[in-house]
Amino acid sequence: PQVVLVITAVFGRIMWKYRDIGLVMIYKDTGCLMQTLYLVSTATNLAPCAIGGGNEMATTRWLGLDPLVEAQVGSFLVGVPENLS
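Bear in mind that the values here come from a model prediction, so they are computed numbers and not experimental data.

1. Observations concerning the sheet that holds strand β2 (residues 47-51)
Here is step 1: Ordered by their spatial adjacency, three strands build an open sheet running β1-β3-β2, and the pairing between neighbours is antiparallel. Strands with a single pairing partner mark the edges of an open sheet, and in this sheet they are β1 (3-10) and β2. Mean inter-strand twist for the sheet, computed between neighbouring axes without regard to direction, equals 25°.
Here is step 2: Sheet topology places β1 next to strand β3 (residues 70-79); eight bridges connect them, and they run antiparallel. Each residue of the ladder has a partner; that of Val4, found in β3, is Leu77.
Here is step 3: In the packing of helix α1 (residues 11-18) onto the sheet, contacts are made with β1 and β3, and the angle to β1 comes to roughly 45°.
Here is step 4: Taken strand by strand, helix α2 (residues 22-43) contacts β1, β2 and β3, and its axis lies near 10° from that of β3.

2. Looking at the packing of aromatic side chains
Here is step 1: By the definition in use, this model includes one aromatic pair.
Here is step 2: Ring plane angle 85° and centroid distance 5.1 Å describe the contact between Tyr38 and Phe76, whose orientation is recorded as edge-to-face. On the criterion of sequence distance, the pair formed by Tyr38 in helix α2 and Phe76 in strand β3 is long-range, its members being 38 residues apart.
Here is step 3: For Phe76, a relative accessible area of 0% translates into the label buried.

3. Considerations on unusual backbone geometry
Peptide bonds are trans in most cases, and residues, glycine excluded, mostly fall at negative phi.
Here is step 1: The phi dihedral of Arg19 falls on the positive side, at around 50°, and the residue is not glycine.
Here is step 2: When you line up the elements, Arg19 lands in the loop between α1 and α2.
Here is step 3: Note on Arg19: relative accessible area 61%, which makes it exposed.
Here is step 4: In this model, Asn45 sits at a positive phi of 60°, which is unusual for a non-glycine residue.
Here is step 5: One can find Asn45 in the loop between α2 and β2.
Here is step 6: The class for Asn45 is exposed, based on a relative accessible area of 54%.

Conventions adopted
Residues numbered from 1 in each chain as written. Predicted model: local features only at pLDDT ≥ 70, side-chain atom pairs only at ≥ 80, totals over all residues. Heavy atoms only, no water. Pairing = 2+ DSSP bridges. Helix = DSSP H or I, 4+ residues; strand = E, 2+ residues; numbered from the N terminus. Axes fitted to C-alpha atoms, helices over the stretch in contact; angles between N-to-C directions. Contact = heavy atoms within 4.5 Å. Phe/Tyr/Trp six-rings, centres within 6.5 Å; stacked < 30°, edge-to-face > 60°. Buried < 20%, exposed > 50% of the residue type's maximum accessible area, 1.4 Å probe, protein only.

Function cannot be inferred from these measures alone, as they are strictly geometric.
See below:
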């Protein structure tokens, strides 16, 4: 893919405000962002793909993040469709 987006969250900010439902809010916001990325990518004739698995801890370490403070919550790929390249 031409673009790889790694979506991270800073847990303390959300947990402070939303307390018990903080983690739910993080994943809902991530889902809304991914939906918007799908809509925009499709509208501009690009090939979007959300990644639903993988080793998030390894990516978090690779980015140099403290996983107790900020960690990966999603990833998204965008590329040019094969029939247009």
